[in-house]
Amino acid sequence: MRTCNLGIAIALLLALAWPCRADDRPAAVLRLADVLDQARERNPALAAARARAEGARYAPEQASAYDDPTLSWEAWNAPESFRVDQADNNIFRLSQKLPFPGKRTLAGRIAEREAEIAGAEASASDLEVRAAVKRAYYGLWQAHQKLRIYSRDEDLVARLAKVAEQRYAVGQVSQPDVLRSQVELTRLVNRVATETLAIDGARAELNALLSRSASEPLGVPEDPFVPRLAENDEELVARALRSRPELAAQGAAVERERSRVEMARLDHLPDFEVSVSRFVNYHSRDGFGAMAAISLPLAHKSKYDAEVAEARARIAAAEAERRGIGDRIAREVRLAFLRARTALLQRDLLSTTHVPQAEQAFGASEIGYQTGKIDFLSLIDSLRAVESVHLEHVEAQAEFERAFADLERAIGQTLERGEVP
């Protein structure tokens, strides 16, 4: 009898002394909207993508500008004393290279497409960060919910253990009932401990996305609303093909390669250079000069023919990649939709059928144990059945939220969920 009392006391002491029980201390509510706002402001990957897009905006003006003019000076036939003022000729020249008309315009157009690609990549990074934050947020929510379930069951088993001890004291049950209660209580104390560590891990993952210290405190995530999926996957695929930034980026890449084909064709045409000079002469009259030069690309025509062929091949590759991206997007949407639909069906089935049935069965088992109709092992089996369905319910809800986040990422925009409280 003393051994049983001592075991129960130790288990209860561990349960009460554990620092991170779900109900031991109130925690601030962590709103998903606030977390997403912090991620937009602080996530380093998103900040880098935005900075790259901002920098690319300045490239077209640079690419379309002419080369800098050149100012040069030459001294001809200077005396051995290097008196340049006594040289036969001092020539001051200003020259400018002039590419064939249209080349710089095309270069600017190519840079514009590059800027569009960078902007689309920044949008894709934003979608990726949002999805990652939502997955981490609901991972943290799931960890808190599991801790609540185990903590609740721990309190319940502690109460049942006292009942078993009282019944054993009056000879209504055997000693194994008391021992089983200790074993079950110890199991739940361990579960509470491990789920507390799981919360720390989920918190660290979310803090990393927010560029915060892993140990920095976070509140408890809000409970999600009951969701509904109102659209079929074909409608969602069509929306994704219209809105995904990756497709927009690849479309800009195709246009960029087409501009490069035009540029390669123009490279067959010559570039020019002009200059004006001022001659300052020592023993003769000063004067002016002018010069015009032209490149001769026909001397190496095969090189520019190869450039055109390469640019055309790049167009074919870019168009094939665009088709591949479209196929991948359609697959991602359908898979995420099926995941969300499956999780939603599981959640609804558990909440409307399995959870009420399991709780009703446990209530009957508890009454049966108190009246001596069933043993403690049957009571524990009934309790574990309730615990299992509650854990499955939480898992289905969290999996739906993660799948829904992936579905929004796959579509490229926020979805109206048709939520009800």
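Criteria and thresholds
Starting from 1, residues in each chain are numbered consecutively following that chain's sequence as written. Confidence filtering applies because this is a predicted model: local features only for residues at pLDDT of at least 70, side-chain atom pairs given and counted only at 80 or more, and all residues used for totals across whole chains, interfaces and linings. Hydrogens and waters are ignored; side-chain quantities use all the structure's heavy atoms. Secondary structure elements are defined from DSSP: runs of H or I of at least 4 residues count as helices, runs of E of at least 2 residues count as strands, and each element is numbered from the N terminus. Only protein chains enter the accessibility calculation, which uses a 1.4 Å probe; a residue whose area is less than 20% of its type maximum is buried, one above 50% is exposed, and one in between is partly exposed. Contact between two residues is taken to exist if any of their heavy atoms lie within 4.5 Å; hydrogens are not considered. Residue-level accessible areas treat just the shown protein chains as cover; the underlying method is Shrake-Rupley with a 1.4 Å probe. When charges are tallied, Lys and Arg are placed among the positive residues and Asp and Glu among the negative ones, while His and the ends of the chain are skipped. To locate a charge, take NZ of a lysine, CZ of an arginine, CG of an aspartate or CD of a glutamate. At least two DSSP bridges between two strands are required for those strands to pair. Helix axes are fitted only over the stretch in contact, all axes being lines through C-alpha atoms; the angle between N-to-C directions runs from 0 to 180 degrees. Should an angle fall under 35 degrees it is taken as roughly parallel, and over 145 as roughly antiparallel, whereas 65 to 115 is taken as roughly perpendicular and any remaining angle as oblique. Note on convention: near helix rotated counterclockwise from far helix by under a right angle means a left-handed crossing. Clockwise means right-handed. Under the grouping applied here, Gly and all other residues not named as nonpolar or charged are polar, the nonpolar ones being Ala, Val, Leu, Ile, Met, Phe, Trp, Tyr, Cys and Pro and the charged ones Asp, Glu, Lys and Arg. By this rule, a helix spans an expected 1.5 Å times one less than how many residues it contains. Think of the arc as the fan of directions from the helix axis to the C-beta atoms. Counted as a polar contact is a pair of N or O atoms within 3.5 Å, where, for protein atoms, one must be capable of donating a hydrogen and the other of accepting one, and residues adjacent in sequence contribute only when both atoms are in side chains.

Student: Mind showing me how you'd approach the overall build of the chain here?
Tutor: Summing up its helical and strand segments, the chain has 10 helices and six strands in all. Within the chain, the proportion of its 421 residues that are buried is 42%. For the chain, the proportion of contacts with a sequence separation of at least 24, taken over those separated by at least 6, is 81%. Total accessible area on the chain is roughly 22,900 Å²; 56% of this is exposed by carbon and sulfur atoms. Computed over 57 positive and 64 negative side-chain charges, the inter-centroid distance for the chain is 1 Å.

Student: Honestly, unusual backbone geometry in this entry has me stumped. Any pointers?
Tutor: If you check the backbone angles, Asn-77 has positive phi at about 55° while not being a glycine. When you line up the elements, Asn-77 lands in the loop between strand S2 (70-76) and strand S3 (89-98). Positioned with a positive phi, Ser-211 is a non-glycine residue whose angle comes to about 55°. Considering the arrangement of structural elements, one finds Ser-211 in the loop between helix H6 (175-209) and strand S4 (220-221).

Student: Quick question: what am I supposed to make of the pairing of strand S6 (residues 287-294) here?
Tutor: Relative to S6, strand S5 (residues 272-281) runs antiparallel, the two sharing eight bridges. Residue pairing across strands places Glu-273 opposite Ala-293, the latter belonging to S6.

Student: Explanation requested: the side chain of Glu-257 in the structure shown.
Tutor: Mapped onto the secondary structure, Glu-257 falls in helix H8 (residues 245-266). In this structure Glu-257 comes out as buried when scored by relative accessible area, which is 3%. Ignoring sequence-local partners within four residues, the contact set of Glu-257 consists of Ala-311, Arg-314, Ile-315 and Ala-318.

Student: How should the environment of Val-192 be read in this particular structure?
Tutor: Along the polypeptide, Val-192 turns up in helix H6. For Val-192, a relative accessible area of 1% puts it in the buried group. A C-alpha to C-alpha distance of 41 Å links Val-192 and Ala-122, two positions 70 residues apart in sequence.

Student: How do you make sense of the packing of helix H7 (residues 233-243) against helix H9 (residues 301-370) when you look at a structure like this?
Tutor: Helix packing geometry: the angle between the two helix axes and the distance between the axes. Direction vectors running N to C along H7 and H9 enclose 140°, while the axes themselves pass 9 Å from each other. By the angle between their axes, H7 is oblique relative to H9. The two elements H7 and H9 meet at a crossing, and its hand is right-handed. For the pair formed by H7 and H9, the contact residues are Asp-233, Glu-234, Leu-236, Val-237, Ala-240 and Leu-241 on the first element and Gly-326, Ile-329, Ala-330, Val-333, Arg-334 and Phe-337 on the second. Of the residues that constitute the contact of H7 with H9, the class distribution is eight nonpolar, one polar and three charged.

Student: Can you help me understand the sheet that holds S6 in this one?
Tutor: Across a sheet, strands are paired by hydrogen bonds formed along the backbone, either parallel or antiparallel in direction. Here we have four strands laid out as an open sheet, ordered S2-S3-S5-S6, and antiparallel in their pairing. Every other strand in the sheet has two partners, leaving S2 and S6 as the edge strands with one partner each. Strand-to-strand twist across the sheet, computed as the mean angle between neighbouring axes with direction ignored, equals 20°. Sheet analysis places S3 next to S5, joined by 10 bridges and oriented antiparallel. Among the inter-strand pairings, Leu-94 is bridged to a residue of S5, identified as Val-276.

Student: Mind showing me how you'd approach helix H3 (residues 44-56) here?
Tutor: In an α-helix, one turn spans 3.6 residues, which is why side chains three or four residues apart end up on the same side. In a regular helix each residue adds 1.5 Å, so 13 residues correspond to 18 Å; H3 covers 18 Å between its end C-alpha atoms and thus fits that length. Among the residues of H3, those classed as buried are Leu-46, Ala-49, Ala-53 and Ala-56. The arc enclosing the buried residues of H3, seen along the axis, measures out at 90°, which places them on a common side. The backbone nitrogen of Ala-45 has a side-chain oxygen 3.1 Å away, supplied by the residue at the start of H3, namely Asn-43.

Student: Got a minute to help me understand the packing of H6 against helix H10 (residues 376-411) in this structure?
Tutor: Running from N to C, H6 and H10 cross one another at 20°; their axes reach a closest spacing of 9 Å. Classed by the angle they form, the pair H6 and H10 counts as roughly parallel. Once H6 is placed against H10, the crossing between them reads as right-handed. Of the residues in H10, those in contact with Asp-177, Arg-180, Ser-181, Glu-184, Arg-187 and Leu-188 of H6 are Phe-376, Leu-377, Ile-380, Arg-384 and Glu-387. Classifying every residue of the contact of H6 with H10 gives four nonpolar, one polar and six charged.

Student: Quick question: what am I supposed to make of the side chain of Ser-275 here?
Tutor: Checked against the element boundaries, Ser-275 lands in strand S5. On the accessibility criterion, Ser-275 (4% relative accessible area) is buried. In this view, Ser-275 contacts Arg-93, Leu-94, Ser-95, Gly-289, Ala-290 and Met-291; residues no more than four positions away in its chain are not counted.

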